[in-house]
Amino acid sequence: MKKLPKTIFKTVGITLASLLSVIILILGIACFLLFTRSGLEKTAAFALKKYSPCHVTLGDSKLTFFKTFPHLGLEIDDIVVYNELETAPTDTLASIGSLVGTVDFMELVRNRNIVIERIRISDIQANVFTDSLGNSTLDLFSDSTDTAEKEPFVLPDSINTGISFDLKEISLKRLGASYIDCQSGISAGVLGANASLKGAVDSLLVGNLKLSLDVDSVCASMKDSVSSTDAIIRNIALGADCGLAVPTIDIDGKLTVDKLGATMGQTNAFVNNFSLKIDGSTDIRNLLVDAAVNLAMGKIGMESDSLTAGINGISLKLDALTGSDSVLTKANLRGTTGPITLAMPYDTLALTTEKIGIDAVTNAYLAKMDGNANIGITTRNMSFSMGGTPLIVNTDTLSLRADAAKDSSIIKCTPILYSRSLEVVMDTVSYISGWPVKASLPLVTDTCFNHFILRDGKLEADAIGIGADADIRLTDSGFSGQADISTDQMSIEDLLAMIPEQYQSMLEGIAAKGLIKLGISGRASMSDGNLDVSRLSADVELEDVEAGYCDTISAKASSLALNMTYPGAMNAPDYQTMNISLKSPDLKADMTGSTPINARLTDVNLDGLVANILEGIDKTEMLVVLRTGNTKASMDTIKANVDNMALGAYFGYTTIQDKQMELNASIDFDALNASIGSMMNINIGPTSVSATSVIDTLQENMLLRYEPNLNFYMTDTRLDGLAVPVSMPVLDFDFNLVKFNIKNSRIQLGQSDISLTGDLYNIKEFLNGTGLMTGQMDFLSDHADMDELLALASGFGGGENSEEPEQEDLAESFALVEDSIPANPFIVPKGVDFVLNTNLKEMEMNDHLFTNVGGEVSIRNGILILRELGFHSSTGQMQLTAIYKTPEPDDLYVGLDFHLLDIEVDELIDLIPSVDSIVPMLKSFTGLAQFHLAGESNLDGYYMPKMPTLIGAAGIEGQNLVVMDNEVFKGLRRKLLMSRKAEPVIDHLDVEMQVLRNKVDLYPFVVQMDRYKAALGGRHNINKDLDCRYHISLLQTPLPIRFGVTVQGSLEDIAAHPLRRIKLSKCEYGKDYRQTKTGTVEEHVAYMKEVIAKTLRENVRQTD
Amino acid sequence: MKRHLRHFLDLTCLVIAVTLLSGCKKDEIDKELLYGTWYCPDLALYYTFNEDYSGRYYDSANAGKSYTWSLDDDRLEIKAHGDMINVVAFETYIIESLDDKEMKCHEEGYSSTIYTFTRQ
């Protein structure tokens, strides 16, 4: 756009300059010839031959009187100036068809003074040519200069006379010229030029001149290897009236051009009806210039494939007054343009405006080009549209007012742009509708326009107020600088109201109010098209902000400040980071509904760091730390209160394992209090938890997929509201797939305290199936109240109101369970070698205190073993070995070996109440007993025994068991017809029983005291009816009678019909304990009892 | 003399009684007939008796227990033992008849229920 007119004027200027040079040359020759005496022709020929710097030929030369009546004139025809330049297309530099000059003959005769009055030249053709080597047909003038210096031109004495001017007319008619410069690719031509200068100017340069010039056309072109520019100017008319009266000169002139056109590549530019009128005067002595310039242009246009621009007329008026010392005291510029259109079809960009008015007042010191100006530009009905995304900007009135000043090398300008109503429409949606817009951009720059400084720039648009500061330096390859943009405090409601109506539906249900203020600050540079942002900071400040959605979710904050800063604190040349912070003294969030959720946060401080966000998600890292002074949250009946909480989170992709996401999270707080309803309350003291996870999406196992690394430290935890108070003084463990280390864990459950410490190793290898997970832990307790713990566990399992199912429903329940619930037994993991050492210094159970309860729980090769778990009580000791293995989910195995040694009978019954059912008279005894139990069975997935595999045995041994109190016994001894030496003591008790498949056999055993002796035995079937048959034979009494009692039938039937199922019968056991029906059975029974008892005793571990 | 005669008669009666009682003794059961696997539909179990007095009973799902056995006249004693726990339990049968294909017996002390085993 700018290059084209410059090129045109440059080309036209060169052409005109060349033309002017030729005209001056011709005039000089003509004048030289004019002032000869009578032998003008000879003199001219002689002079031309001797002194002319070029080759000149003359045609006819004659004096004429009639053509110049009443003056004498000299007419020379066919003057040709030529230069023999071989590369030139023609050797004619200039030719003149006719040259007529008139002089004051009387003055010449009388005073030998040549007074030139008129010069008329016609049919002029000038050719200037420069070849590609720079040789020009004009070079002859430089040669002639040298010649002239060597031999100065001196008129012969015969023609040495005075010269003065009394010009009346100089006219040029039918002037044509061509200019070709092969070196620069410029060619130009002038056709049909006529010029005349009329008036009266004396030798003192006093007079009036009237200049008129008209040219049919001027054409010029400039071509090089990459571009081509053609320009043509048609019908140029220049007229001027000059009043010369030294020291002042008055000029009143007018230049008109019908059409000025230029073609550059595929771009055509034109100006129609160009008119320039100058009216001014110059006081040469005082160096004063007073000029008025009126510029008017018709239609100005430019057309190309990618751009169409047009201004339908420009009218400018410039009044300028310069003082002495080159001071422009005042210049006023006023003007208007017609409608302006600008269209870029490819980019579908269009700009139209009805008219632009210009009003400028300038004061300047022209010598230094310093000064100031007040410029105003107004336009109306301006419309801007972009078709790609149909963006239309309309304004009814747009005014620009600018104060500008240049002082030495500094230029200051404060433009103020104002629009009473601005409308922005995009895709038929009105985004800005009739907003008043005002912009003030105080700008300071240098005279090279390399450095721009914007201070206190402001933009006000409806409810939006924006301030801006900038400092930008232009460089050879781009720019560098910084900018700060901030808004005034604005109402969020007003901003939301400014959202177009078409999008208001998207805000349905959303409510927000408060005040918002934004600020953006940045420093950036661009070099060779590469943008480098070295600093960027954004601030958002909110006050009294409230937001809600559909009256169900609401958030509120008295103030909230968000800041984003680039680069972040951890920035490095190859590690771009950005800091994010959010601060608020209080934040409230509520969600209503069936489960209301409320949160109250005070002293909220969020700090974040984002790294490599522009490098792609796979290189982005994010670190966020949220700190709150106090956090209160509630959900339904759950309430929590946290003091001094710090939440941390990290997201990124680890560099250790390519392309794997890494997540870190941590939580720290000083105190947490939570309550569930009015009953349960949890208090936690200082706590620190941090977790790291490297996500491997190729893994299916959750632990391998997330590969967690957890550090957990929690102290002073207390749980109230359960059946017993629960406290956990400390829980400290580290977990990762290499090692699970429980450093310290202590829990106080009512009267019990429990501690678990130890390590697990090779978890990852175990999960991968490539290695064995090993470990050892210690389960310690100073005191454990098992009754309390079991009650607590029962409480966890069901409510107080849970009803025990009826016995008769059990079978159906089991059937239903098996039908409806898939089997999900605990599977002992394979590939594990783990040992849990237990040591309970005191264990309280059923009002008994056991000491040194300890043993080893191990998992090896898919087998869980409780090995030699034992204890000591005040009266005995326990030994337990249990085995559980799970080769298949539907084929489990459980084995048990249990011993209670030297234990009081009542204590045994307390510990194992079912013993009383098997041996009913046992609770009548006091004394030490031994209890042995061993058994095993395979189970199905529901832990139900597979009956063919069920085997077990139990034994109870007692010596000298006291039946009752001695005093009571003495009272009964006589009534029971016992001997005087009788003691309430059972000498020996030896009970053995076995379980084999679905049969429970109680081997006959004898109880004897003084003159009484009884034997008891029987069988119980484990089937649907649980039927049994037991028999008691009273073998010996003081009376001569013996009888037995037989109980037979199902348990249900016995309970329902005891008289029918419990009958007196004959003794089935012999007097000396021999079964009566088979001779050797008692021996077999004795043998089997002995084998069973011996086997059971073998399992007893000998203790010190 | 009369006293000697009485002693003689007593002795004669004793010899006759002993002779008669000895005739009541059942035929001794050939334990080799037990070798092999038997199936009892009432118990739904297979019993295997090996020559080394070991054996195993099991159901159709092959769930069962190993045992050692002994045969004393008609009394078959089976002593099952645990796989991992040192525990034993007995079951004893009185064999009423045994041949190559079938065995009838009852539990010792429970003669009312006769079990029939068929050789597999």
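Conventions used here
Residues numbered from 1 in each chain as written. Chains lettered and ligands numbered in written order. Predicted model: local features only at pLDDT ≥ 70, side-chain atom pairs only at ≥ 80, totals over all residues. Heavy atoms only, no water. Helix = DSSP H or I, 4+ residues; strand = E, 2+ residues; numbered from the N terminus. Buried < 20%, exposed > 50% of the residue type's maximum accessible area, 1.4 Å probe, protein only. Contact = heavy atoms within 4.5 Å. Areas by Shrake-Rupley, 256 points an atom, 1.4 Å probe, with all protein chains shown as cover. Buried area = accessible area lost by both parts, 1.4 Å probe. Salt bridge = Lys/Arg side-chain N within 4 Å of Asp/Glu carboxyl O. Polar contact = N/O pair within 3.5 Å; in protein donor to acceptor, adjacent residues only side chain to side chain. Phe/Tyr/Trp six-rings, centres within 6.5 Å; stacked < 30°, edge-to-face > 60°. Lys NZ or Arg CZ within 6 Å of the ring centre and 35° of its normal. Pairing = 2+ DSSP bridges. Core = buried A, V, L, I, M, F, W, Y, C linked by side-chain atoms within 4.5 Å. Disulfide = S-S within 2.5 Å. Patch = residues over 30% accessible without salt bridge, like charges linked within 9 Å, V, L, I, M, F, W, Y side chains within 5 Å. Lys, Arg positive; Asp, Glu negative; His and termini not counted. Charge placed at Lys NZ, Arg CZ, Asp CG, Glu CD. pLDDT = per-residue confidence, 0-100. Axes fitted to C-alpha atoms, helices over the stretch in contact; angles between N-to-C directions.

Peer 1: Provide a residue-level description of the overall build of chain A, including the pertinent values.
Peer 2: Along chain A, the regular secondary structure elements total 16 helices and 56 strands. For chain A, with 1104 residues in total, the buried portion stands at 39%. Sequence-distant contacts, at least 24 apart, represent 50% of the contacts inside chain A between residues at least 6 apart.

Peer 1: Residue-level account of the overall build of chain B, with values.
Peer 2: Of regular secondary structure, chain B possesses 1 helix and 8 strands. Helices (α) and strands (β) of chain B occur, in sequence order from the N terminus, as α-β-β-β-β-β-β-β-β. The long-range fraction of contacts in chain B, counting pairs at least 24 apart against all pairs at least 6 apart in sequence, stands at 29%. A total accessible area of about 7,300 Å² is found for chain B, and carbon and sulfur atoms account for 54% of it.

Peer 1: For the interface of chain A and chain B, give the residues involved together with the corresponding values.
Peer 2: With 35 residues of chain A in contact, the opposing surface of chain B contributes 28 residues. Counting the surface lost from both chain A and chain B, the interface buries some 2,400 Å², and carbon and sulfur atoms represent 61% of this. Of all residues in chain A, the largest losses of buried area upon contact with chain B belong to P948, I951 and R997 of chain A, amounting jointly to 22% of the total for that side. Where chain A packs against chain B, one counts 5 salt bridges. As a salt-bridge pair, K65 of chain B and E936 of chain A come within 3.1 Å of each other at their nearest N and O atoms. Remark: the boundary between chain A and chain B carries 15 residue pairs in polar contact (both at pLDDT 80 or more). Taken together, the elements giving at least two residues each to the side of chain A that touches chain B come down to β47 (877–888), β48 (891–904), β49 (928–939), β50 (951–962), β51 (985–996), β52 (999–1009), β53 (1012–1021) and α16 (1081–1098) of chain A. When residues of the side of chain A that touches chain B are assigned to their parent elements, the largest contribution, 8 residues, is made by α16 of chain A.

Peer 1: Please give an account of the pattern of salt bridges that cites residues and values.
Peer 2: By the definition in use, this model includes 29 salt bridges over all chains. The shortest N-O distance in the salt bridge between R334 of chain A and D359 of chain A comes to 3.9 Å. With R334 of chain A in strand β14 (residues 327–337) and D359 of chain A in strand β17 (residues 355–365), this residue pair connects regions lying 25 residues apart in the sequence. One salt bridge in this structure joins K999 of chain A and E91 of chain B, with 3.3 Å as the shortest N-O distance. One end of the pair, K999 of chain A, is in strand β52; the other, E91 of chain B, is in strand β6 (residues 88–98), on a second chain. For K999 of chain A, a relative accessible area of 7% translates into the label buried. You can call E91 of chain B buried: its relative accessible area is 2%. Several salt bridges share partner residues, and in doing so they unite R997, K999, D1001 and R1019 of chain A together with E91 and E107 of chain B into one network.

Peer 1: Lay out the packing of aromatic side chains with the relevant residues and their values.
Peer 2: Using the criterion set out here, one finds 19 aromatic pairs over all chains in the structure. Relative to F740 of chain A, the ring of F735 of chain A lies with its centre 5.2 Å away and its plane at 80°, an arrangement referred to as edge-to-face. Comparing F735 of chain A with F740 of chain A shows no difference in burial state: the two are buried. With 6.1 Å between their ring centres and 40° between their planes, Y47 of chain B and Y67 of chain B make a pair best called tilted. Here Y47 of chain B, found in strand β2 (residues 45–49), pairs with Y67 of chain B, found in strand β4 (residues 64–72); they are 20 residues apart in sequence, far enough to count as distant. Accessibility assignment for this pair places Y47 of chain B and Y67 of chain B in one class, buried. Its end group placed over the ring of Y893 of chain A, K885 of chain A keeps NZ or CZ at 5.2 Å from the ring centre. Residue placement shows R997 of chain A over the ring face of Y57 of chain B; its charged tip is 4.6 Å from the ring centre.

Peer 1: Residues and numbers for the pairing of strand β10 (residues 248–264) of chain A, please.
Peer 2: Look at any regular strand and the pattern is simple: side chains alternate between the two faces of the sheet. All names here are of chain A. Here strand β9 (residues 228–245) pairs with β10 via 16 bridges, running antiparallel. Looking at β10, one finds that T229 is bridged to M264. Taken together, the 16 bridges between β10 and strand β11 (residues 267–283) define a ladder with antiparallel strand orientation. Bridging from a neighbouring strand, A262 pairs with A269 of β11. The turn joining β10 and β11, which pair antiparallel and follow one another in sequence, is formed by 2 residues; a positive phi near 60° is taken by G265.

Peer 1: Let's hear about the environment of P415 of chain A: which residues, and what values?
Peer 2: Residue and element names in this part refer to chain A. Of note, P415 is situated in strand β20 (residues 410–426). Between the C-alpha atom of P415 and that of N374, which follows or precedes it by 41 residues, the distance is 9.3 Å. Ignoring anything within four residues of it in the chain, the contact list for P415 reads L400, R401, A402, A439, S440, L441 and P442.

Peer 1: Quick rundown of the pairing of strand β41 (residues 752–761) of chain A? Include the residues and the values.
Peer 2: All names here are of chain A. Of all 10 residues making up β41, 8 are buried, and the element is well covered by its neighbours. Sheet topology places strand β40 (residues 739–749) next to β41; 8 bridges connect them, and they run antiparallel. Following the sheet pairing, K739 is matched in β41 by Y761. From the end of β40 to the start of β41, which pair antiparallel, there are 2 residues, and G750 there has a positive phi angle of about 60°.

Peer 1: Can you lay out the side chain of Q879 of chain A for me, pointing to particular residues and giving the numbers?
Peer 2: All names here are of chain A. Mapped onto the elements, Q879 comes out in strand β47. Taking relative accessible area as the criterion, Q879 reaches 4% and is therefore assigned buried. Among the polar contacts made by the side chain of Q879, one reaches the main-chain amide nitrogen of R1101 at a distance of 2.6 Å.

Peer 1: Can you break down the nonpolar core residue by residue, with the values?
Peer 2: Core analysis: the largest hydrophobic core is formed by 40 residues, its most contacted members being Y47 and F49 of chain B. In terms of residue count, β6 of chain B provides more of this core than any other element does, 6 residues in total. Each residue touching Y47 of chain B, except ones within four places of it in the same chain, is listed here: R997 of chain A together with G36, T37, W38, R56, Y57, Y67, I78, E91, Y93 and F117 of chain B. F925, F931, A982 and V995 of chain A belong to the second largest nonpolar core, which has 39 residues in total.

Peer 1: Before we move on, could you go through the state of the cysteines and cite the residues and values that matter?
Peer 2: Applying the stated criterion across every chain, the model contains 0 disulfides over all chains. No disulfide involves C40 of chain B; its sulfur sits 7.2 Å from that of C105 of chain B, the nearest cysteine.

Peer 1: Outline a negative patch on the surface, supporting the account with residue identities and numerical values.
Peer 2: Negative charge collects at one region of the surface, where E28, D30, E32, E51, D52, D72 and D73 of chain B lie side by side. When you line up the elements, D73 of chain B lands in the loop between β4 and β5 (75–81).

Peer 1: Lay out a nonpolar patch on the surface with the relevant residues and their values.
Peer 2: Taken together, the side chains of I510, Y549, I553, M591, I597, M635, I638 and I676 of chain A present a nonpolar region at the surface, about 640 Å² in accessible area. You can see I553 of chain A is positioned in strand β29 (residues 553–566).

Peer 1: With reference to specific residues and values, describe the confidence of the model for chain A.
Peer 2: Residue and element names in this part refer to chain A. Residue-level pLDDT values for chain A average 81, and 85% of them are 70 or greater. Predicted confidence for residues 142–161 stays below pLDDT 50, and this span has 20 contacts to residues more than four positions away or in other chains. With pLDDT under 50 throughout, residues 796–811 is counted as low confidence; its partners more than four residues away or in other chains account for 2 contacts.

Peer 1: Describe unusual backbone geometry, naming the residues involved and giving the relevant values.
Peer 2: All names here are of chain A. Cis geometry is found at the peptide bond from Y566 to P567, where omega equals 5°. Positionally, P567 belongs in the loop between β29 and β30 (577–591). In this model, D636 sits at a positive phi of 55°, which is unusual for a non-glycine residue. Positive phi is not limited to glycine here, since N861 has a value of about 55°. With respect to the secondary-structure elements, N861 resides in the loop between β45 (848–860) and β46 (863–873).

Peer 1: Run through the sheet that holds strand β7 (residues 102–107) of chain B, naming residues and quoting values.
Peer 2: All names here are of chain B. One closed barrel accounts for 8 strands, arranged β1-β2-β3-β4-β5-β6-β7-β8; its pairing is antiparallel. Adjacent strand axes in the sheet meet at a mean angle of 35° when their direction is disregarded. Inspection of the sheet shows β2 paired to strand β3 (residues 54–58) by 4 bridges, in the antiparallel sense. Of the residues in β3, the one forming a bridge with T48 is R56.

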